[in-house]
Amino acid sequence: MTEPSPRPAPAAPAATGGQPEEADRLRDILRSPGYLKVLALASFIGIPVSLISFWFLVALHWLEHALWDSLPHALGWAAPPWWWPLPLLLIAGLVVGLVAAYLPGAGGHVPAYGLHTGGSSAALLPGVLIAATASLPFGAVLGPEAPLIALGGGLALLFRDLTQMPATAQTTVLLTAAGAAAAIAAIFGNPLIAAVLLIEVAGVGGPRLFSVMLPALLSSGIGALVFTGFGRWTGLETGSLALTLPGPLPHLDVGDVLWTVPIALVLALFLHPLMAAGGRAAAYISGRVLPRTVLCALGAAACIALYALITGRSPAEAALSGQGALGVLAADPRAWGVGALIAVLLAKGAAYAFCLGSLRGGPVFPALFLGAAAGVLLAPLPGLGFVPAMAAGMAAATAATMRLPVSSALLVVLLLGGTSMMPVVILAAVTAFVATELLPLGPGPQAQDGLEARPDPASRA
C-alpha cells in the first residue's frame, strides 16, 4: 500500500509576501463590513425590483394580448390576418430607431451581442423601457430577459444611491447582479436559474464567484416570493415561461441518446448563421440608425407575413418571443404538420436574425421555441421520442445562442419539470456549445463595458 503524499505546506500569509489561500480570500470578503451591507441591501432591493418588474411584465403581456388577440377580434377577424405584422413592426422600428438615436444608452444592449450585466444605470432606464415596450408586444422575435436584466440592475443602483451607499466598483457589480436576478427570477419560473444565469453571464470565478452568487441568489429568491404572492393576489398574468407536456416524462432509450448529438450539431449549424446575420444587421444599422432600424423591422415583418400567407396559420406563431407558441407546441406537438414546422423554423429564424440586430429584447425565448420546433420536426426519426427530441432541441438551441451551457441545461431541465431528460439535455447543451465555439466568429459589438457605441449624431437620421 502506497503511503499518502505529504500535504502541501500552507501558503505564506500576505504579510510575508505570499498569496492567501482561496478560502482565506473568501472569508475575508464575507467578513468585510462593506460586503455585509451589500448583502443586506440585496435582500431589500429584491422586493421593490420584483414589484416593478411584475408590473412591467403585466403591461407587456396585456399589450401583446390587446394587439394580437383583442384588436383583431374587435375588427372581425378570428385571428390576425397575414399582413398584421407589417404595421405593428413598422411602429416598433420607428420607436426603437428614435430611442437608439436620441436617448442615452440607445435603448439597451443589442440582442445580437448576447446578454450583458454591465452598463446598467438609472439614467438608461427610460430608453430601455420604451424600446422594450415598442419591440416585444408589437411582434419582435425576442424575449423579455435582456430588458429585465437592465431594469433590475438600473433599479438596484438607483436604490444604492438613495441609501447613500458608496458607489464603488464592488457595489456596482454585486448590486447589478442582485437586481437583475430579482427581475428575471419569475420569467424563468425559478430563482435558481436567474442566479446561475447572471453568474454565468458575469463570467466570474474563484472567491469572486461566491461574492456575486450570494446577493444574486438572495435577491432572486426574495423576488420570486414577491412575484408568486403578488401574482396570486392580483390574478394578473406576466407570461412566465412554463410547459405543460401531454403526459409524464418518458424514460430515455438508447435511440434518444444516440440522436442527441446529431440534433445538437444541426441546431448549432442552423442558429450560428442566424446569430451572425443578427450581428451584421446591427453593424449595418450603426451607420444610419433610424431608417435602417425601420428597414430591418419591416424585413422581420415580411418574413412573418410570408409564413402566415403560405401556411394559412396565424402570424403570431412566427412573431413574438415564442413563449405562448412554445406552450401550445409542447402540449400538442402532433398538431403541427411537417410543412408548418419547416415554415416556422425558416420564417421565425429569419425574423429572429432581423430583430437581433435592430430591435430590443433577449435572445433566449425564441431560441427555446426554435429548438423545440426542430425537435418536434425530427422526432419521427427511428428510436426518437417527442419529449427527448424537444429537450435536446431546446438545450442545444439555447446553448448555441447564449453560449452559456450550464444555464441552458438547467433552464431546460426546470422547464420540463423533472430530471429524467437530464442526460440528453446536458449532452445536447455541451455539444452545441462546443460546436458553436469552433465555428467562425460573427461580427462583434463595437463597444466597451457592455454598451453599444453611440452613433455619430450626423448619421442618426
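The name given to the protein in an unreviewed UniProt entry is Chloride channel core, with the source organism recorded as Streptomyces venezuelae. UniProt annotates the protein under Subcellular location (unreviewed entry) with the comment "Membrane".

Novice: Teacher, can you tell me more about the overall build of the protein here?
Specialist: The number of helices and strands found in the protein is 16 helices and 2 strands. A burial count over the protein gives 52% of its 461 residues as buried.

Novice: So what exactly am I meant to see when it comes to the state of the cysteines here?
Specialist: Throughout this description, disulfide means a covalent bond between two cysteine sulfur atoms. Per the stated rule, a full pass over the model turns up 0 disulfides. Summary of cysteine pairing: Cys296 is not part of a disulfide, and the nearest cysteine sulfur, belonging to Cys355, is at 9.1 Å. Here Cys296 falls in the buried class, since its relative accessible area comes to 5%. Here Cys303 stays unpaired: no disulfide links it, and the sulfur of Cys355, its closest cysteine neighbor, is 8.9 Å away.

Novice: Got a minute to help me understand a nonpolar patch on the surface in this structure?
Specialist: A surface patch of nonpolar side chains, about 1,100 Å² in accessible area, is lined by Leu71, Leu75, Trp77, Trp82, Trp83, Leu86, Leu90, Leu94, Leu298, Leu306, Leu309 and Ile310. Listing elements by their share of the nonpolar patch, those giving two or more residues are helix 3 (85-102) and helix 10 (289-311). If one sorts the elements of the nonpolar patch by residue count, helix 10 sits on top with 4 residues. One can find Trp77 in the loop between helix 2 (33-74) and helix 3. The exposure class assigned to Trp77 is partly exposed, which follows from its relative accessible area of 33%.

Novice: Looking at this structure, how should I read the packing of helix 9 (residues 254-285) against helix 16 (residues 422-438)?
Specialist: Helix-helix packing: each pair is described by the crossing angle between the helix axes and the interaxial distance. It is the contact of helix 9 with helix 16, at a shortest axis distance of 8 Å, that shows an interaxial angle of 35°. For helix 9 against helix 16, the interelement crossing comes out right-handed. Contacts between helix 9 and helix 16 pair Asp256, Val257, Thr260, Val261, Ala264, Leu265, Ala268 and His272 from the former with Val424, Leu427, Ala428, Thr431, Ala432, Ala435 and Thr436 from the latter. Among the residues forming the contact of helix 9 with helix 16, the class breakdown is 10 nonpolar, 4 polar and 1 charged.

Procedures and definitions
Numbering of residues starts from 1 in each chain and follows the order in which that chain's sequence is written. Restriction of local features to residues with pLDDT of at least 70 applies here, the model being predicted, together with a cutoff of 80 or more for giving and counting side-chain atom pairs; totals for whole chains, interfaces and linings are based on all residues. Just so you know, side-chain values use all the structure's heavy atoms and leave hydrogens and water out. UniProt positions are given in the numbering used here, feature names are shortened, and annotations may be inferred rather than shown by experiment. Secondary structure follows DSSP: runs of H or I at least 4 residues long count as helices, runs of E at least 2 residues long count as strands, and numbering of each begins at the N terminus. For every residue, the accessible area obtained with a 1.4 Å probe (protein chains only) is divided by the maximum for its type, and the residue is called buried under 20%, exposed over 50%, and partly exposed between those limits. Any pair of cysteine sulfurs within 2.5 Å is marked as a disulfide. Only residues whose relative accessible area exceeds 30% and that form no salt bridge are eligible for patches; like-charged ones are grouped when within 9 Å, while nonpolar side chains (Val, Leu, Ile, Met, Phe, Trp, Tyr) are grouped when within 5 Å. Each accessible area is a Shrake-Rupley estimate made with a 1.4 Å probe; only the visible protein chains count as cover when residues are assessed. One side-chain nitrogen of Lys or Arg within 4 Å of one carboxyl oxygen of Asp or Glu is enough to make a salt bridge. In this analysis an axis means a line fitted to C-alpha atoms, helices contributing only their contacting stretch, and an angle means the value between N-to-C directions, from 0 to 180 degrees. Note on convention: the crossing is left-handed when the near helix lies turned anticlockwise from the far helix by less than a right angle, right-handed when the turn is clockwise. A contact between two residues is defined here by any heavy atoms of the two lying within 4.5 Å. Note on residue categories: nonpolar means Ala, Val, Leu, Ile, Met, Phe, Trp, Tyr, Cys or Pro, charged means Asp, Glu, Lys or Arg, and polar means any other residue, Gly included.

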